[in-house]
Amino acid sequence: MTTPIIAPFPATRLRRLRRTPSIRAMVSEVNLTTDNLIWPIFVTEIAGAEGEIPSMPGVERLTLDGAKRAAERAAQLGIPAICIFPHSDQDLKTETCERAWDPDNIGNLAIRAVKEVAPDLTVMTDIALDPYNANGHDGIVVDGEILNDETVEALVKMALAQADAGADLLGPSDMMDGRIAALRMALESAGHKNVAILSYAAKFASAFYGPFRDAVGASGRLVGDKKTYQVNPANRDEAIRCVARDLAEGADMVMVKPGMPYLDICRAVKDQFGAPTFAYQVSGEYAMLEGAIRNGWLSRDAMFESLLCFRRAGCDGVLTYFAPLVAEALEK
Ligand SMILES: NCc1[nH]cc(CCC(=O)O)c1CC(=O)O
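As a convention, each chain's residues are numbered from 1 in the sequence order in which they are written. Predicted model: local features are reported for residues with pLDDT of at least 70 only, side-chain atom pairs are reported and counted for 80 or more only, and whole-chain, interface and lining totals are derived from all residues. The side-chain numbers reported here are obtained from all heavy atoms of the structure, hydrogens and water having been left aside.

### Digging into the pattern of salt bridges
1) Next: In the sections that follow, a salt bridge refers to a side-chain nitrogen of Lys or Arg positioned within 4 Å of a carboxyl oxygen of Asp or Glu. Summed over all chains, the structure comprises 18 salt bridges.
2) Next: For Lys226, the salt bridge goes to Asp138, with nearest N and O atoms at 2.7 Å. On the criterion of sequence distance, the pair formed by Lys226 in the loop between α6 (210-215) and α7 (236-248) and Asp138 in the loop between β5 (122-127) and β6 (140-142) is long-range, its members being 88 residues apart. Each member of the pair Lys226 and Asp138 is classed as buried.
3) Next: A salt bridge links Arg184 to Asp252; the shortest N-O distance between them is 3.7 Å. To qualify as a helix, a DSSP run of H or I must reach at least 4 residues; to qualify as a strand, a run of E must reach at least 2; elements of each kind are numbered from the N terminus. Throughout, exposure labels follow a simple rule: accessible area from a 1.4 Å probe, protein chains only, divided by the maximum for the residue type, with under 20% read as buried, over 50% as exposed, and the rest as partly exposed.

Printed below as a string of structure tokens:
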């Protein structure tokens, strides 16, 4: 911690450095650039399911062709990474989740499609069973219990299929114990030693994921809640232990999720570990901001401010549905 030295007024007039845009720019402690953005997209395999997601105005479910166009747009805007979320056929969801590691599931088809048109764009994935699980959970459920070790085995198969499809950055969002070490070891022995892991390390059991569950068609399905594996929003020490554990198991980067109500966690993680730290400005945060902006209750500046504040809180980057809008604005 530095100790600020404040000369008594009027020697110190803090407003001197706020007087003009150029002076303010000179003393801005952090900045938001396109390099700080990861763009999450939804890709559907269901004919007719593409198009706007009502609880996320401005965000669409994409077809494979739509995903390719999004990837080209990201590459052209200089967004470094896109993160693919599958919207899979409801009728093919099972309790055993085997489609999660099908090389031709919609997530893996999307990875290949995106790589075809934008080979240099970093492709991030989500590792959790929920898009393919009949009951909407991230893990395998038997008699109402989310089984940890059986789920980790399934996640390993899922991860290898994603790496085979060409993913650069795997995002385990499942919150099972021991998954990072298992994924890392499996990737190493399968010849994917350069595939990186961005662990959803401090992922909280949050009400802010609602619109996302609409987007991936999990809302009506989820039986119960995710509180037996995601972190209690009250728990900061536990979140720090999660991050420490994931880094010790070999995570290359770590994430805090959700974002805006958890900036204290972002700061603590960055200060404590100095690892590449990301936040996920999740669907509910997007819905709040975009809904208010579209109603004229907030100005578009709120979007930029929300993202800049992640940088101030110590984040290297942010997963945000605003990514293309922000990148377009920053281009000008
Ligand atoms: N594996 C699930 C997953 N991966 C990303 C999100 C949420 C993202 C968002 O709300 O934008 C979720 C939802 C959940 O945990 O239920």
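### A word on the nonpolar core
1) Next: In plain words, nonpolar cores are sets of buried Ala, Val, Leu, Ile, Met, Phe, Trp, Tyr and Cys residues tied together by side-chain atoms within 4.5 Å. Judged by nonpolar contacts, the single largest core of 104 residues is most densely connected at Ile41, Phe42, Ile82 and Met124.
2) Next: The element that contributes the greatest number of residues to this core is helix α4 (residues 148-165), accounting for eight residues.
3) Next: Only heavy atoms enter the contact rule, under which two residues are in contact if any of them lie within 4.5 Å. Among residues more than four places away in sequence, those in contact with Phe42 are Ile53, Met56, Val59, Glu60, Arg61, Leu62, Phe85, Phe212, Ala215, Val216 and Tyr321.

### Section: the packing of aromatic side chains
1) Next: Here is the rule: rings of Phe, Tyr and Trp (six-membered ring for Trp) pair when centre to centre is within 6.5 Å. Planes less than 30 degrees apart are stacked, more than 60 are edge-to-face, and the remainder are tilted. Inspection of every chain in the model, using the stated rule, returns 10 aromatic pairs.
2) Next: Seen from their ring centres, Phe42 and Phe85 are 6.0 Å apart, and the 40° between their planes marks the pair as tilted. You can see Phe42 sitting in strand β1 (residues 37-44) and its partner Phe85 sitting in strand β4 (residues 81-87), a full 43 residues away along the chain.
3) Next: With a centroid separation of 5.0 Å and 85° between ring planes, the pair formed by Phe85 and Phe212 is classed as edge-to-face. On the criterion of sequence distance, the pair formed by Phe85 in strand β4 and Phe212 in helix α6 is long-range, its members being 127 residues apart.
4) Next: According to the relative accessible area criterion, Phe212 is buried, its value standing at 14%.
5) Next: Each member of the aromatic cluster is reached from another via a ring pair, and the members are Phe42, Phe85, Tyr200, Phe212, Tyr280, Tyr286, Tyr321 and Phe322.
6) Next: In this structure, Lys257 packs its charged tip against the face of Phe212, placed 6.0 Å from the ring centre. Placement of a charge over a ring requires the Lys NZ or Arg CZ to be within 6 Å of the ring centre, with the centre-to-atom vector within 35 degrees of the ring normal.

### Concerning the site of the ligand
1) Next: Consider each residue's heavy atoms; a residue with any of them within 4 Å of a molecule or strand counts as near. Near the ligand lie 18 residues; those nearest to it are Lys203, Arg213, Lys257, Ser283 and Tyr321.
2) Next: For the purposes of these results, a polar contact is taken to be a pair of N or O atoms within 3.5 Å, where, inside protein, one atom must be able to donate a hydrogen and its partner to accept one; residues adjacent in sequence count only when each atom of the pair is a side-chain atom. Asp126 places a polar side-chain atom, nitrogen or oxygen, 3.3 Å from a nitrogen atom of the ligand.
3) Next: With respect to the ligand, the side chain of Lys226 contributes an N or O atom lying 2.7 Å from an oxygen atom.
4) Next: Its free accessible area being 410 Å², the ligand has 100% of it covered by the protein chains.
5) Next: In terms of residue class, the shell around the ligand is made up of eight nonpolar, three polar and seven charged. Values of accessible area rely on a 1.4 Å probe in the Shrake-Rupley scheme; residue burial ignores everything except the protein chains shown. Put simply, Ala, Val, Leu, Ile, Met, Phe, Trp, Tyr, Cys and Pro go in the nonpolar bin, Asp, Glu, Lys and Arg in the charged bin, and everything else, Gly too, in the polar bin.

### Some remarks on unusual backbone geometry
Glycine aside, the phi torsion of most residues is negative, and most peptide linkages are trans.
1) Next: Each neighbour pair has its own omega, and for Phe9 with Pro10 the value is 10°, a cis peptide bond.
2) Next: The residue Pro10 is located in the segment before α1 (21-26) in this model.
3) Next: Lys257 connects to Pro258 through a cis peptide bond whose omega is -10°.
4) Next: By the element assignment, Pro258 lies in the loop between β10 (253-257) and α8 (263-273).
5) Next: Of note in this structure, Cys97 is not a glycine but carries a positive phi near 65°.
6) Next: Mapped onto the secondary structure, Cys97 falls in the loop between β4 and α3 (106-117).
7) Next: Positioned with a positive phi, Met175 is a non-glycine residue whose angle comes to about 65°.

### Observations regarding the confidence of the model for the protein chain
1) Next: Known as pLDDT, the predictor's confidence for each residue is given on a scale from 0 to 100. Scored by pLDDT, the protein chain comes out at a mean of 97, with 100% of its residues at no less than 70.
2) Next: Overall fold confidence (pTM) sits at 0.97, and the ipTM for the predicted complex is 0.98.

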